[in-house]
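Below, each chain spelled out in residue letters.
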Amino acid sequence: MVGWLLASAAAVCIGTTYAQPSPEVQARISAAIVATQVSNSTDIDYTAFVNPFIGTDYTNYGDVCPGASVPFGMVKFTTDFTGYAPAGYNSDPSQKARGMSPLHDSGTGSSLGTYGNFEVMPLLCPSGFDTCTTTLQARERYRKNDSDDAYPGYFSLTLDNDIKMEATTTRRAGLERFTFPRGSKPYFVLDLANDLPASFAGGTLDIDPENGRITIGGHYGSSFGPGAYHYQAFACYDLLNSGTQKLSEYGVWTGDTYGLDAKALGQTHLNLSQNLIGGTPYQSGALFSYEGNPEEVILRVGVSFVSTDQACANAEEEIGTKSFEEIQKASKALWQEKLSKIEIDVANTPSNVTEMLYSSLYRASLTPNNATLETQGAFANTTSFYFDSLYCSWDTFRTFYPLMTLHSPVEFAQIVDNYIDGWRKLGWMPECRANNLPGWTQGGSSGDTIVAQFAVNYHNEAKALGIDLDELYAALVTDGQVNPPEWNTMGRQVNVYKQFSYVPFAVLDTGSTGRQTREGSRTLEYAFQDFGIRQVAQVLGKTDDVEYYTNRSYWYRNVWDPTVESDGYQGFMQKRFSNGTFYNTDPVDCSPKDTRSTQECSLQEDNQSGYAPHDTGYLVELMGGNTTFTNRLDHFFEAPIGYHYANQPWRSVDRVRDVVINNFNTGLPGNDDQAAMATLLGFHLLGLYPVPSTTRYLIISPFTPKYTIHNTYLNTSTTVTVTNYSSASVAYPIPNVPAKSRCYIDFYDTFRVGGEIEIVVTEDKTYDCGGHVPESLSMGGFASAR
């Protein structure tokens, strides 16, 4: 039992008005929360609080996939739409449905979309086979208003011709159920070539009419990586529903946007290569119908990245003859197990907070996609776990994996094994894997921070969890010491970084290739990644390496230009030439003060940063002390939690309130970034904020009066109680309390061992940390491993 008495501010009551495709979804969620609040039952269905449509608002571009999935499922079934739809789905009623497909990512900003392979579209063809609308543009249809529905493990919508489309899934397979208007003949078009980014590079399709099976597969392009890269994907569509359905007509079709629209009744094979002349893909696929005009048709779908045979085996193994309801029930049970790892006091928490939290926790387990045993290329037949859609580690290291640290070390270890295996197979750990291919790096090798996060928190259990810490450290050192020949997709430009103790601007690099941009921000990122290596070296007792990487983690200071002025403040991070002089850019560029709506910041030459979470205390001094530092935060609003380091945690609470109320009240403020946004919101609602690559969590103020985090692997439960909590007001600390600090706690003292944490809130809006501010490396912090 841990008896902590800490302090922060209480919750504030806010309203929520999510963009919602179906009013019935919101009504169902609200009713479930109210029923739980009045029942006082301990048998709570947490899946009922999830709104999968948060982040699908087409005006904010959250890029969330609301489709049916299991936790970390390789398949995510949803309907694909025209328009901007990176995750396939689009809530914009002016856009048309293209078809339902099994492969998607969630929360990624690839403008062309990702996956969307093997779309199947139900059709009504009153005049028969030859009149069916098979090509993409011809078959697109509007949906019926307010018909979209989804909850964990289930997705559906109804087209404007009254055909209802539903889906439920396992990890690598799913069931699609279609309900047709009574008396109509069901037709289906299955697409080989039209994925979301139009990247088809050749493939095959085969129809086995006797067994009622279509196998399909091909090569497709990356959604966030070099255009020269291609991956392979396969699917197996079983059409007979264990013998209860009978095919009528079947055949193949081809088409293009220049007038080709050909169909071949009775033909069973397509073998098409990439259309080298460019433009839209040479379209192709299968077309089939059913005898007896059945009102309901069920398709069983297996997916694989290895072969069509394995796709069929996946469907047979994971679904077999189970019914739609059985698969849906099993999927819901998996989500219930995942969501119940964090249990809140629903009865006394504002309903919208409950919905925001569990919807965030849901999205935090949608990705990355567990594609173990579905490997290709260099990873073919690997014995390690394998996860696709890691893009990007730069997005997820801050909050995604620190939240996983609290409750899911088994899954965390599997993902870490996957990172280490990337080093084994390709020479460096992955940074931004997309579509089973290396994607563009953002800030260097942020996977270093992720595996360091695991090592410092679970080094005692690492071996039992399947992780060799010596091998993990070897992968880290490679990232920190060895320069890849091309560092756009993995590793760092570490050769010049080591030579100059920063990443120089416009430097002659004769040994490697990459986009010569973001030199200032990459220096900061590299330095923080070095801190992660330092942390693991400390765990392993490598004292010389601790000293070496400690010194390297301070190199972020080498791009600080004390002479630059902006908006009345002096001193900013800047690019620096190899001769030591600075190349000045406007600090306002890509900051919250940048008013240019068309400014592109990602991967651009003027993208700067002020990020050094391992040594923020030194940044405070560098920027002029506590008062100037907090004034700069007020002005530029770079880091809501930064006020903790200036001994003014109440300001952090104010900023977090501002973020939640004004940015998440109506959904998401932008791309969910592989649930980085979801886990940031989750931490805000729980009143915590992590320091990556460490065991520390900063204390803010929970939006709920009580919650318990269960770590089933460690067999611990930790309950956080907020004394004087009020859902109708904003209150601030702090009384004198017997705690080391009111500003942070340590995983080893709290969530790792279980017990009780009490956060006491008062109305005084002037409190400080009541002890130590959060640790900074150069000020004696992180001096020993836990």
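As a starting point, this report considers the structure included with it.

### A few points about the pattern of salt bridges
Under the criterion given, the structure shown has 41 salt bridges. We note a salt bridge from aspartate 160 to arginine 141, for which the minimum N-O separation is 2.8 Å. Of this pair, aspartate 160 sits in the loop between β6 (154-158) and β7 (164-169) while arginine 141 is found in the loop between α2 (136-139) and β5 (149-151), placing the two residues 19 residues apart along the sequence. Taking the relative accessible area as the measure of exposure, aspartate 160 reaches 35% and is therefore partly exposed. Assessed through its relative accessible area of 31%, arginine 141 is described here as partly exposed. For lysine 338, the salt bridge is made with glutamate 411, and the minimal N-O distance between the two is 2.7 Å. Placement of lysine 338 in helix α4 (residues 324-339) and of glutamate 411 in helix α8 (residues 409-426) is noted, with a sequence separation of 73 residues between them. Since its relative accessible area comes to 7%, lysine 338 is described here as buried. Salt bridges linked by common partners bring Asp417, Asp421, Arg424, Lys425 and Glu471 together as one network.

### Some details on the sheet that holds strand β29 (residues 744-746)
Consider a sheet: its strands pair through backbone hydrogen bonds, and that pairing is either parallel or antiparallel. One open sheet accounts for three strands, arranged β25-β26-β29; its pairing is antiparallel. Every interior strand has two partners, whereas the edge strands, β25 (688-690) and β29, have only one. Averaged over all neighbouring strand pairs, the angle between strand axes comes to 30°, with direction disregarded. In this structure, strand β26 (residues 696-699) lies alongside β29, joined through three bridges in antiparallel fashion. Across the sheet, residue tyrosine 697 finds its bridge partner in β29, namely isoleucine 745. Packing against the sheet, helix α17 (residues 676-686) makes contact with β25 and β26, and its axis sits at approximately 135° to β25.

### A few points about the packing of aromatic side chains
Applying the stated criterion to the full structure yields 42 aromatic pairs. Seen from their ring centres, phenylalanine 188 and phenylalanine 288 are 5.5 Å apart, and the 20° between their planes marks the pair as stacked. With a gap of 100 residues between them, phenylalanine 188 in strand β9 (residues 186-191) and phenylalanine 288 in strand β16 (residues 283-290) connect regions that are remote in the sequence. The pair phenylalanine 188 / phenylalanine 288 is uniform in exposure class, with both members buried. Here the aromatic residues Phe400, Tyr401, Phe412, Phe454, Tyr458, Phe747 and Tyr748 are joined through ring pairs into a cluster of three or more. A cation sits over an aromatic face here: arginine 557 above tyrosine 618, 3.5 Å from the ring centre. The ring of phenylalanine 572 has arginine 632 lying over it, and the distance from NZ or CZ to the ring centre is 4.4 Å.

### Some words on the state of the cysteines
Within the structure shown, the criterion is met by four disulfides. Between the sulfur atoms of cysteine 392 and its disulfide partner cysteine 432 the distance amounts to 1.7 Å. Across the disulfide from cysteine 392 to cysteine 432, rotation about the S-S bond amounts to roughly -55°, and the bridge is consequently left-handed. Here cysteine 432 lies in the loop between α8 and α9 (447-458) and cysteine 392 lies in the loop between β20 (387-388) and α6 (393-396), a separation of 40 residues in the sequence. The disulfide partner of cysteine 743 is cysteine 769, and the S-S distance across this bridge is 1.9 Å. Its S-S torsion of approximately -85° makes the covalent link between cysteine 743 and cysteine 769 left-handed. With cysteine 743 in the loop between β28 (716-723) and β29 and cysteine 769 in the segment after β30 (755-760), this residue pair connects regions lying 26 residues apart in the sequence.

### Brief notes about the pairing of strand β10 (residues 202-208)
Both β10 and strand β15 (residues 269-273) contribute to a ladder of five bridges, which runs antiparallel. Within the sheet, the bridge partner assigned to threonine 204 lies in β15 and is asparagine 271. Where β10 hands over to strand β11 (residues 213-221), the hairpin turn is made up of four residues, of which glycine 212 adopts a positive phi near 65°.

### Considering the nonpolar core
Residues Tyr237, Leu299 and Leu472 are the most contacted members of the largest nonpolar core, which totals 188 residues. Among the elements that make up this core, the one with the highest residue count is helix α12 (residues 519-539) (eight residues). Leucine 472 has contacts with Val416, Ile420, Val451, Ala455, Ile467 and Val536, leaving out every residue within four places of it along the chain. Tyr154, Ala173, Leu175 and Ile298 belong to the second-largest nonpolar core, a separate cluster that totals eight residues.

### Notes on the sheet that holds strand β12 (residues 230-238)
A sheet is described by the order of its strands in space; here nine strands give the open sequence β5-β6-β7-β8-β17-β12-β11-β10-β15, paired in antiparallel fashion. Only two strands of the sheet have a single neighbouring strand rather than two, namely β5 and β15. With direction set aside, neighbouring strand axes in the sheet form an average angle of 15°. Here three bridges tie β5 to β6, and the two strands are oriented antiparallel to one another. Looking at β6, one finds that alanine 150 is bridged to phenylalanine 155.

Cut-offs and rules
Residues numbered from 1 in each chain as written. Predicted model: local features only at pLDDT ≥ 70, side-chain atom pairs only at ≥ 80, totals over all residues. Heavy atoms only, no water. Salt bridge = Lys/Arg side-chain N within 4 Å of Asp/Glu carboxyl O. Helix = DSSP H or I, 4+ residues; strand = E, 2+ residues; numbered from the N terminus. Buried < 20%, exposed > 50% of the residue type's maximum accessible area, 1.4 Å probe, protein only. Pairing = 2+ DSSP bridges. Axes fitted to C-alpha atoms, helices over the stretch in contact; angles between N-to-C directions. Contact = heavy atoms within 4.5 Å. Phe/Tyr/Trp six-rings, centres within 6.5 Å; stacked < 30°, edge-to-face > 60°. Lys NZ or Arg CZ within 6 Å of the ring centre and 35° of its normal. Disulfide = S-S within 2.5 Å. Core = buried A, V, L, I, M, F, W, Y, C linked by side-chain atoms within 4.5 Å.

Remember that the coordinates give geometry; whether it matters functionally is a separate question.
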